[in-house]
Amino acid sequence: MSERATDDLEGWLRSRTPERGLRGKSAAVLELLLSQPRRASYGSAGELAQLAGVNVATVTRTAQALGFAGWPALQQELRARYLSSLSAGQVAAEHDAEHRSTGAPGSPGSPGSPGSPGSPGARSLRRDLDGLALLNRRLDERVLSTIAEAVAAARRTTIVADGSYAAVGLALAHNARLAGYPVHAVTAGSELVNAMATVGEGDVLIAVSFWRLYENTVLAANEARARGARVFAVTDAASPALAAAAEEVVLVPAEGEAFFPSLTAGIAVAQALVTQLAAVDPARTGAAIEAAESMWTRFGLLHRHPAPPR
């Protein structure tokens, strides 16, 4: 299977086809994905099969031929890529259209949705809960262990996270430092350039990006890889431009309810990584936390609640 460095949806799909190509009914499914990415992004395997004139088993086999476990895994990345091709206003319009359609997930009167919350805030919570459930089903625990052990063994770890995604990187770096490891988050500009100038063998770089992939994140990942550092990525779509540099990619559901991506599942992955990291060397983490709390007390930053009355 070839993997050309292309990020447009059509180029990405074709890059994943086997060298011999897809034939017969699987070729029909692929052409449907290419010609109607929106319908494929939102439809079930049964709906896709009906549109392509095939059975559900063919949809599953096509997804597997493209390198996925099945249709749900392919659809997750297809939808992320489709939404990333839209402007912020277009993303918001897509969600509005989804809620107006009959039976849309989380829309008022949607069948199978207890309570059917209709307010934007309630729909956002429901989508985040669905994203966390999807993450829980598909997350590879082996990858978490690999990243945690790499960070624990690294001379230092740099997390590249820009824009709103910086929140995920900052949370991961902050708690990893509390656990006793030299981890720092950087964004764009001179801070990133200075950090990359010192990255080398023995280091780890973790790239965090959802929806829109920033060019500086790709450049940092490839530069770190070229300098001998181990590179990992946390993203909602395995972009060839980023995946080519990454040793492992953690795919995170990040579709939001409005015009911006959700960071909920990304924060959950950050928490999971730190929890895994703390288990690598409990004595080191325990000593680091004790030292930090002692310093917080000395600086008057640690407020302790009074003991409840007896």
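Refer to the structure presented above.
Scoring rules and cut-offs
Residues numbered from 1 in each chain as written. Predicted model: local features only at pLDDT ≥ 70, side-chain atom pairs only at ≥ 80, totals over all residues. Heavy atoms only, no water. 1 Å grid on protein atoms, 1.4 Å probe; cavity = no way out; pocket = protein on both sides within 12 Å on 5 of 7 lines; lining within 4 Å. Points joined across faces, edges and corners; volume = space filled by probe spheres on them. Helix = DSSP H or I, 4+ residues; strand = E, 2+ residues; numbered from the N terminus. Nonpolar A, V, L, I, M, F, W, Y, C, P; charged D, E, K, R; others polar. Contact = heavy atoms within 4.5 Å. Pairing = 2+ DSSP bridges. Right-handed = clockwise from strand over helix to strand, strands pointing away. Core = buried A, V, L, I, M, F, W, Y, C linked by side-chain atoms within 4.5 Å. Buried < 20%, exposed > 50% of the residue type's maximum accessible area, 1.4 Å probe, protein only. Axes fitted to C-alpha atoms, helices over the stretch in contact; angles between N-to-C directions. Parallel < 35°, antiparallel > 145°, perpendicular 65-115°, else oblique. Left-handed = near helix turned anticlockwise from the far one by under 90°. Arc of directions from axis to C-beta. Salt bridge = Lys/Arg side-chain N within 4 Å of Asp/Glu carboxyl O.

1. Some thoughts on the layout of surface pockets
Taken as a whole, the second largest pocket holds about 550 Å³ of empty space. What lines the second largest pocket is a set of 23 residues, and nearest its centre among them are Arg138, Asp140, Val249, Val250 and Leu251. Counting residues per element, the ones that place at least two in the lining of the second largest pocket are helix H6 (71–84), helix H8 (120–138), helix H9 (141–153) and strand S5 (248–251). For the lining of the second largest pocket, the element with the highest residue contribution is S5, accounting for 4 residues. Of the residues in the lining of the second largest pocket, the class split is 14 nonpolar, 2 polar and 7 charged.

2. Thoughts on the environment of valine 143
Looking at the secondary structure, you find valine 143 in helix H9. Each C-alpha atom, one on valine 143 and one on valine 250, is 7.4 Å from the other, the two residues being 107 residues apart in sequence. Those residues in contact with valine 143 that lie beyond four places of it in its chain are Glu248 and Val250.

3. A closer look at the pairing of strand S2 (residues 183–186)
Pairing geometry for strand S1 (residues 156–161) and S2, over 4 bridges, is parallel. Each residue of the ladder has a partner; that of valine 160, found in S2, is valine 186. Since S1 and S2 lie parallel, the crossover through helix H10 (residues 166–178) that links them has a hand, and here it is right-handed.

4. Considering the nonpolar core
Leu13, Leu33, Trp71, Ile206, Val208 and Phe210 are the most contacted members of the largest nonpolar core, which has 63 residues in total. In terms of residues, this core owes the most to one element, H9, which gives 7 residues. When neighbours within four sequence positions are excluded, leucine 13 is seen to be in contact with Leu30, Leu33, Leu34, Leu66 and Leu78.

5. Some remarks on the packing of H10 against helix H14 (residues 264–280)
For the pair H10 and H14, the least separation of the axes is 9 Å and the interaxial angle reads 15 degrees. Here H10 is positioned roughly parallel relative to H14, judged by the angle of their axes. Note that H10 runs across H14; the crossing there is right-handed. Facing H10, whose interface residues are Ala167, Val168, Ala171, Leu172, Asn175 and Ala176, H14 presents Gly266, Ile267, Ala270, Gln271, Leu273, Val274 and Leu277. Looking at the contact of H10 with H14 residue by residue, the classes come out as 10 nonpolar, 3 polar and no charged.

6. Looking at helix H5 (residues 56–65)
Three or more residues of H5 are buried, namely Thr58, Val59, Thr62 and Ala63. For H5, the angular spread of the buried residues around the axis is 140 degrees, confining them to a single face. If you follow the buried residues of H5, they end up packed against helix H2 (24–35), helix H4 (45–52) and H6. Taken from the residues just after H5, glycine 67 is the one with a positive phi, measuring 100 degrees.

7. Considering the pattern of salt bridges
Summed over the entire model, instances satisfying the criterion amount to 13 salt bridges. Residues glutamate 257 and arginine 123 are paired through a salt bridge, measuring 3.1 Å at the closest nitrogen-oxygen approach. Pair noted here: glutamate 257 is in the loop between S5 and H14 and arginine 123 is in helix H8, with a separation of 134 residues, a long-range link. For glutamate 257, a relative accessible area of 11% gives the class buried. Take arginine 123: its relative accessible area is 13%, and that puts it in the buried class. Note that arginine 156 is salt-bridged to aspartate 203, the shortest N-O span being 3.4 Å. One end of the pair, arginine 156, is in strand S1; the other, aspartate 203, is in strand S3 (residues 203–209), with 47 residues separating them in the sequence.

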